[in-house]
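Here are the chains, one letter per residue:
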Amino acid sequence: MKRMTIIIVTAFLMTMCSTLKTGGNSTDDTKKRPDVQYRDDFKSANATERKALLKSLKAEADKYSVLILTQNYKGEKIIVSNSKKKIHNDYTISNLKTGLARLLRIDNTLDTKVYDNLTKKETIIEAKEATKHKYIYVMKNPGGKNPFTITYSNTLRPLE
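Cut-offs applied
Residues numbered from 1 in each chain as written. Predicted model: local features only at pLDDT ≥ 70, side-chain atom pairs only at ≥ 80, totals over all residues. Heavy atoms only, no water. Helix = DSSP H or I, 4+ residues; strand = E, 2+ residues; numbered from the N terminus. 1 Å grid on protein atoms, 1.4 Å probe; cavity = no way out; pocket = protein on both sides within 12 Å on 5 of 7 lines; lining within 4 Å. Points joined across faces, edges and corners; volume = space filled by probe spheres on them. Nonpolar A, V, L, I, M, F, W, Y, C, P; charged D, E, K, R; others polar. Pairing = 2+ DSSP bridges. Axes fitted to C-alpha atoms, helices over the stretch in contact; angles between N-to-C directions.

**Student:** Please give an account of unusual backbone geometry that cites residues and values.
**Tutor:** In the Ramachandran plot, Lys-58 falls in the positive-phi region, its phi being about 55 degrees despite a non-glycine side chain. For Lys-58, the location among the structural elements is in the loop between helix H3 (47–57) and strand E2 (64–69). With a phi angle near 75 degrees, Asn-72 is a residue other than glycine that sits in the positive phi range. Tracing the chain through its elements places Asn-72 in the loop between E2 and strand E3 (74–81).

**Student:** For the layout of surface pockets, give the residues involved together with the corresponding values.
**Tutor:** One way to see where empty space is left: roll a probe the size of a water molecule over the atoms. Estimated volume of the second largest pocket: approximately 220 Å³. As for the second largest pocket, its lining consists of 13 residues, and the residues nearest its centre are Thr-70, Gln-71, Gly-99, Tyr-137 and Arg-157. Looking at the lining of the second largest pocket, its residues break down into five nonpolar, seven polar and one charged.

**Student:** Describe the sheet that holds E3, and please don't skip the residues or the numbers.
**Tutor:** Judged by pairing direction, the sheet is antiparallel, and its four strands sit side by side in the order E4-E3-E6-E7 without closing on themselves. Two strands in the sheet have a free side with no partner beyond their single neighbour: strand E4 (86–93) and strand E7 (121–125). The sheet shows a mean angle of 15 degrees between the axes of neighbouring strands, direction not considered. Both strand E6 (residues 112–116) and E7 contribute to a ladder of five bridges, which runs antiparallel. Bridge pairing in E7 links Val-114 to Thr-123.

Note that every value here comes from positions in space, so none of it alone points to a role or purpose.
And the structure:
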């Protein structure tokens, strides 16, 4: 009887060990994907405000998009760059009234990287998505599962 019990317990342990699942790839944890949204259903800025913004940023051409850093930037160093150059390398603070932190012109034919130096997290704005949209909103998600939320749009929200 003891012998039969030992065989059953051993067989049970062997089956438990063989069905052990291995964890996912460790690079998935270090490079978290941003939440991505595609929206054009919010209130739009008027045409003169759009034209003035595009002219001030020199972003009228189709190869440029406007990158808008929005909420939850609290003075940390944000670095925005592409393969050619650094576009922005400064301490960024969101305006609590407007919800805006920074407006930047990006070349939408190149992948653009947004890096938060405080949390050491980054996100990539892919060129294939950026070419389809004139306005790209990037919001930080402090303490969230994903470090950033990116909203691609062809509608400019009112800036004031």
